[in-house]
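# Topology and contacts: notes
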Amino acid sequence: MQTYKEEYLVDFRDVDRTYHLKFPQLLEILGTVSTKHTAYVGFDPMYLNRKGLAWILYEWNVQMLETNLYANKISIETFVVQKRGMYFVRYFAIYDSEQKMIGRAFSKWVVVDLEKRRIVKIPDEILQCFGAREGIDEIEQKFIAKMPSETLRQSENRQFSFEQSFSVRFYDVDANCHVNNVRYVEWAVESLHRVKNFLETYRPKSLCILYKKEKSPEGKVIVKTRKENNSTYHEVYSDEGVLLTLLQMDWVEK
């Protein structure tokens, strides 16, 4: 198993108006580290595309103990574990400038045939170069300890506090010709702006997100939100009524 570590200086664009790291930007940073790790083991970002394949994100699970990080240098360590050759679980550990662990995350990835839009086996050469293997050892336990464990499930009887629609903009769509996964987190957070002073007072400490369907370019999405104390649950639908994504966030005072 190979680990990869990258340093990052938290920029002004990465924080909110109270200088706390925004979760959408955190996911962007983790995604960039993933891409650099992939390049480090010998695969350029377009390698799968040339084979008619693409990485598709299925799930995020993130926990941050500290987010007041503007102009601070953080470091991110990552490695991957393969499950039956059909998907990767990528783990992250996030450290502050004193090398104290301040966050953990994992994401699940599958490979999709772009023409058939069907999940396929991860190419053997990628499995070999990553040194990915199955099973849990002490290193993996360090990454997954104390992570939120709730499995997101849609509830037909769930009552929502409010809903809000958002237009899909040109730059919301990525090179795979569907809405980028980070946009769903942005929409869920933005929907909470209607709760007076909530985003000024609280910051997310954990995020669970499960991607169900792709959203094609243009059109709108509808975010349905239920707020209970310092926890929020969100379902994102296309304007045709198709469930796209489930999210849950827990919040803490800044």
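Described in the following lines is the structure provided in the data block. Since the model is a prediction, treat every value here as computed from it, not as a measurement.

About the thresholds
- Residues numbered from 1 in each chain as written.
- Predicted model: local features only at pLDDT ≥ 70, side-chain atom pairs only at ≥ 80, totals over all residues.
- Heavy atoms only, no water.
- Helix = DSSP H or I, 4+ residues; strand = E, 2+ residues; numbered from the N terminus.
- Rg over C-alpha atoms; globule rule 2.2 N^0.38 Å.
- Buried < 20%, exposed > 50% of the residue type's maximum accessible area, 1.4 Å probe, protein only.
- Contact = heavy atoms within 4.5 Å.
- Polar contact = N/O pair within 3.5 Å; in protein donor to acceptor, adjacent residues only side chain to side chain.
- Phe/Tyr/Trp six-rings, centres within 6.5 Å; stacked < 30°, edge-to-face > 60°.
- Lys NZ or Arg CZ within 6 Å of the ring centre and 35° of its normal.
- Core = buried A, V, L, I, M, F, W, Y, C linked by side-chain atoms within 4.5 Å.
- Patch = residues over 30% accessible without salt bridge, like charges linked within 9 Å, V, L, I, M, F, W, Y side chains within 5 Å.
- Areas by Shrake-Rupley, 256 points an atom, 1.4 Å probe, with all protein chains shown as cover.
- Salt bridge = Lys/Arg side-chain N within 4 Å of Asp/Glu carboxyl O.
- Axes fitted to C-alpha atoms, helices over the stretch in contact; angles between N-to-C directions.
- Parallel < 35°, antiparallel > 145°, perpendicular 65-115°, else oblique.
- Left-handed = near helix turned anticlockwise from the far one by under 90°.
- Nonpolar A, V, L, I, M, F, W, Y, C, P; charged D, E, K, R; others polar.
- Pairing = 2+ DSSP bridges.

Scanning the protein from terminus to terminus reveals 6 helices and 11 strands. For a compact globule of 254 residues, the expected C-alpha radius of gyration is about 18 Å, and the protein comes in at 18 Å, within 12% of that figure. Each of the three principal axes of the protein carries a C-alpha extent, and together these read 50 × 45 × 30 Å. Within the protein, the fraction of its 254 residues that count as buried is 48%. Long-range pairs, those at least 24 residues apart, make up 71% of the contacts in the protein with a sequence separation of at least 6.

Turning next to the side chain of R183. Along the chain, R183 turns up in helix α5 (residues 181-191). Separated by 2.9 Å, the side chains of R183 and E186 make a polar contact. In contact with R183, not counting residues within four places along its chain, are E28, R169, Y171 and D172.

For the coordinates displayed, the defined rule picks out 16 aromatic pairs. Each residue in the set F166, Y184, W187 and Y211 is aromatic and connected to the rest through ring pairs, giving one cluster. Lying over the aromatic face of Y95, K5 brings its terminal NZ or CZ to 4.6 Å of the ring centre. Sitting over the ring of Y237, K224 keeps its end group 4.7 Å from the ring centre.

Nonpolar side chains tend to gather and get buried jointly when the protein is soluble and globular. Grouped together as the largest cluster of nonpolar side chains are 58 residues, with contacts concentrated most on W60, V62, M64 and L207. In terms of nonpolar packing, the next biggest core, distinct from the first, is built from 7 residues, C208, L210, Y237 and L243 among them.

Turning our attention to a nonpolar patch on the surface. A cluster of nonpolar residues, F12, Y19 and Y70, forms a patch on the protein surface that exposes about 320 Å² of accessible area. Along the polypeptide, F12 turns up in the loop between β1 (4-9) and α1 (23-40).

This part takes up the packing of α1 against α5. Between α1 and α5, whose axes approach to 9 Å, the crossing angle comes to 165°. As the angle between them shows, α1 and α5 are arranged roughly antiparallel. Relative to α5, α1 is oriented so that their crossing is right-handed. Counted together, F23, P24, Q25, L27 and E28 of α1 and V182, R183, V185 and E186 of α5 form the full contact between these two elements. Its residues assigned to classes, the contact of α1 with α5 comprises 5 nonpolar, 1 polar and 3 charged.

What follows is about the pattern of salt bridges. Here the structure, examined in full by the defined rule, presents 15 salt bridges. Between R183 and E28 there is a salt bridge; the shortest N-O distance is 3.2 Å. One end of the pair, R183, is in helix α5; the other, E28, is in helix α1, and 155 residues separate them in sequence. Residue classification places R183 among the buried positions, given a relative accessible area of 10%. Exposure remark for E28: the relative accessible area of 34% places this residue in the partly exposed category.

Burial analysis of strand β11 (residues 243-253) places 8 of its 11 residues in the buried class, which makes it a mostly covered element. In this structure, strand β8 (residues 202-211) lies alongside β11, joined through 9 bridges in antiparallel fashion. Within β11, the residue paired with R203 across the bridge is V252. Sheet analysis places strand β10 (residues 231-238) next to β11, joined by 7 bridges and oriented antiparallel. Bridge pairing links H234 to L247 in β11. Counting the residues between successive antiparallel strands, the hairpin from β10 to β11 contains 4 residues, one of them, G241, with a positive phi of roughly 90°.

Purely geometric stuff here, so don't read any function into it on its own.
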